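Survey of secondary and tertiary structure
Here is how the chains run, residue by residue.
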Amino acid sequence: MKIAICDDQIAHIEVLKPYIEEFFRIKEINAEISEFIDGESILKAEQTFDIIFLDIELGDITGIEVAKQLKYRNSNSVIIVVTSYTDYLDDAMDLQVIRFLKKPVAQNKVYSALEKALQEINESLITFSTKDNGIIRVKNRDIIYVEAKLKYVTVYTTSDKYYVREPLKRIKVLLASSDFAIPHNSFIVNMNYISKFRREEITLDMKGKEINIQISNRKQPEFKRRFIAFIGEGE
């Protein structure tokens, strides 16, 4: 999960960043956080971001203009506005900003915004190139599991299965929301579809058809922690 914080006041970044780090540590999601002190620097960054904490007042270029360009670059980026001002809120709403955090930010508000962001990411459409040179778009939530086998990566969804060109390494990045976990280096599974859990194996429910997937010895402790945390969230 790639996170960006863009704020021209370093003191605000220093308050916000530990909250974000703690949130993803609790979720056991790997998060790479990048810091930017002006709009020009984040726009020059080569990478795209999953979640962006963006100040509105950035000097020569407004956060609204920065947000427009970032959304053009990656329409699935989730933007959270952090500001002391309300003058630009109407413009921000047009960009489908999911949360507004008022400075100084409170930890519980940051956590709430990140929960919403993960939900938004989980609802987003992912585009895959298929082996027959086609293109498919599926929602994260409709993906049951992904399997890498020999030269193929297969995406199993609630409606069909697709042989895709993307390597499993890239798909792991795309499916970085808290709903997905890795029981084995060849699999990514959506924990919403786990019907049975055992130390060495999970069972996925695919519309009444059961699929058993082994949990590798090395992954067992981590996967168990992830699954227990996941089912705890749903209670």
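For the structure given in this document, a descriptive report is provided here. Everything numeric in this text was worked out from a predicted model, so none of it was measured.

Some words on the packing of helix α1 (residues 10-27) against helix α5 (residues 107-123)
It is at 10 Å that the axes of α1 and α5 come closest, and there the two elements cross at 55°. One way to sum up the angle between α1 and α5 is to call them oblique. Both α1 and α5 take part in a crossing whose hand is right-handed. Contact residues: α1 offers Leu-16, Tyr-19, Ile-20, Glu-22, Phe-23, Phe-24, Ile-26 and Lys-27, while α5 offers Gln-107, Val-110, Tyr-111, Leu-114, Glu-115 and Leu-118. Residue composition of the contact of α1 with α5, by class: ten nonpolar, one polar and three charged.

Here we look at the nonpolar core
Across soluble globular proteins, nonpolar side chains show a tendency to be buried alongside one another. Ranked by internal contacts, the top residues of the largest apolar core, which has 24 residues, are Ile-20, Phe-24, Ile-51 and Phe-53. Sort the elements by how many residues they give to this core and α5 lands first, with seven residues.

Describing empty space enclosed by the protein
Where empty space is left can be seen by rolling a probe of water-molecule size over the atoms. A full pass over the atoms with the stated rule returns two cavities of 30 Å³ or more. Each pocket or cavity is described by its volume, and for the largest cavity that value is around 40 Å³. Split by residue class, the lining of the largest cavity holds three nonpolar, four polar and one charged.

Conventions adopted
Residues numbered from 1 in each chain as written. Predicted model: local features only at pLDDT ≥ 70, side-chain atom pairs only at ≥ 80, totals over all residues. Heavy atoms only, no water. Axes fitted to C-alpha atoms, helices over the stretch in contact; angles between N-to-C directions. Helix = DSSP H or I, 4+ residues; strand = E, 2+ residues; numbered from the N terminus. Parallel < 35°, antiparallel > 145°, perpendicular 65-115°, else oblique. Left-handed = near helix turned anticlockwise from the far one by under 90°. Contact = heavy atoms within 4.5 Å. Nonpolar A, V, L, I, M, F, W, Y, C, P; charged D, E, K, R; others polar. Core = buried A, V, L, I, M, F, W, Y, C linked by side-chain atoms within 4.5 Å. Buried < 20%, exposed > 50% of the residue type's maximum accessible area, 1.4 Å probe, protein only. 1 Å grid on protein atoms, 1.4 Å probe; cavity = no way out; pocket = protein on both sides within 12 Å on 5 of 7 lines; lining within 4 Å. Points joined across faces, edges and corners; volume = space filled by probe spheres on them.

Function cannot be inferred from these measures alone, as they are strictly geometric.
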